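Now for the letters of each chain:
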Amino acid sequence: MDPIGYDAAKKVKGKTRHLIVDTLGLMLGLNVTPADVQDRDGFLPLLKSVPRVFVFLERLFADGAYSGAATAAAAKRTGKVVLEIVKRSEAAKGFVVVAKRWIVERTFGWLGRCRRLVKDFENLTRTQLAFVQLAMIRLMTRRIARLCQSS
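In the nomenclature of an unreviewed UniProt entry, the protein chain corresponds to IS5 family transposase from the organism Microvirga tunisiensis.

Okay, here's the thing in structure tokens:
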């Protein structure tokens, strides 16, 4: 059994998923950490592995939780990848869609359609990684099948 953390800010026990997605919302990379690991610390291994596989990446957008000197330094070390922090407008009240950030939030919504991924049932991190990958494969195959039926 892998370690399970507690996120005091969200008052949630379990694990946290860190995703890098493309502009369509399809997953490029995933890292699963205990919930008590800070977002920027869980993002660093992902930031090292994804640009090696996807060399065409030029810019990454992240929310304010991924800001910090260590994250900015790690982004600079990767080479040509530029990390931009997208912050919420101070004047906005209530729910406001933040530009570029809604793409990854939409992907989390798609993953929430899979019953097994809604709650933290998996004890092993590698099992959770596998089920997230299966969910994304299911999503992509349904899109391809829909395109094939229409043509």
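Alright, that's what it looks like, and here's the rest.
Novice: Would you take a moment to explain the overall build of the protein chain for this structure?
Specialist: Secondary structure summary: the protein chain contains five helices and five strands in total. Secondary structure elements in the protein chain, listed N-terminal to C-terminal, are β-β-β-α-β-α-β-α-α-α. The C-alpha radius of gyration computed for the protein chain amounts to 16 Å, which stays within 12% of the reference 15 Å derived for 151 residues, consistent with globular compactness. Judged by the C-alpha coordinates and their principal axes, the protein chain covers about 50 × 40 × 35 Å. When burial is assessed residue by residue, the protein chain has 36% of its 151 residues classed as buried. In the protein chain, 50% of the contacts between residues at least 6 apart in sequence involve partners at least 24 apart. When the accessible area of the protein chain is evaluated, it comes to approximately 10,100 Å², of which 57% is carbon and sulfur surface. In the protein chain, which carries 27 positive and 13 negative side-chain charges, the distance between the mean positions of the two groups comes to 5 Å.

Novice: Teacher, can you tell me more about the side chain of threonine 107 here?
Specialist: Its place among the elements puts threonine 107 in helix α3 (residues 101-112). The exposure class of threonine 107 is buried, given its relative accessible area of 0%.

Novice: Teacher, can you tell me more about the packing of aromatic side chains here?
Specialist: The way to describe two aromatic rings as a pair is by their centre distance and the angle between their planes. Under the defined criterion, the tally for this structure stands at two aromatic pairs. Between the aromatic rings of phenylalanine 54 and phenylalanine 56, the centroid separation amounts to 5.7 Å while the plane-to-plane angle is 80°, which identifies the pairing as edge-to-face. Owing to a relative accessible area of 53%, phenylalanine 56 belongs among the exposed residues under this scheme.

Novice: Is there a simple way to think about the UniProt feature "domain: Transposase IS4-like" (unreviewed entry) in the protein chain in this case?
Specialist: Here, UniProt's "domain: Transposase IS4-like" (unreviewed entry) annotation points to residues 5-139. End C-alpha atoms of residues 5-139 are separated by 29 Å, and the span's content is 41% helix alongside 21% strand.

Novice: Could you clarify how one ought to interpret a nonpolar patch on the surface in this entry?
Specialist: Nonpolar side chains collect at one region of the surface, where Phe95, Val97 and Trp102 lie side by side and expose about 390 Å² of accessible area between them. Note on placement: valine 97 falls in the loop between β5 (82-85) and α3.

Novice: How should I be thinking about helix α2 (residues 69-77) in this particular structure?
Specialist: What sets the pattern is the α-helix's 3.6 residues per turn: residues three or four places apart point alike. Thr71, Ala74 and Ala75 are the residues of α2 that are buried. Relative to the axis of α2, the buried residues are bounded by an arc of 100° and lie together on one face. What points out from α2, more than 90 degrees from its buried face, is the exposed set Ala69, Lys76 and Arg77. Contacts from the buried residues of α2 go to α1 (39-53) and β5.

Definitions and cut-offs
- Residues numbered from 1 in each chain as written.
- Predicted model: local features only at pLDDT ≥ 70, side-chain atom pairs only at ≥ 80, totals over all residues.
- Heavy atoms only, no water.
- Helix = DSSP H or I, 4+ residues; strand = E, 2+ residues; numbered from the N terminus.
- Rg over C-alpha atoms; globule rule 2.2 N^0.38 Å.
- Buried < 20%, exposed > 50% of the residue type's maximum accessible area, 1.4 Å probe, protein only.
- Contact = heavy atoms within 4.5 Å.
- Areas by Shrake-Rupley, 256 points an atom, 1.4 Å probe, with all protein chains shown as cover.
- Lys, Arg positive; Asp, Glu negative; His and termini not counted.
- Charge placed at Lys NZ, Arg CZ, Asp CG, Glu CD.
- Phe/Tyr/Trp six-rings, centres within 6.5 Å; stacked < 30°, edge-to-face > 60°.
- UniProt positions renumbered as here; feature names shortened; annotations may be inferred.
- Patch = residues over 30% accessible without salt bridge, like charges linked within 9 Å, V, L, I, M, F, W, Y side chains within 5 Å.
- Salt bridge = Lys/Arg side-chain N within 4 Å of Asp/Glu carboxyl O.
- Arc of directions from axis to C-beta.

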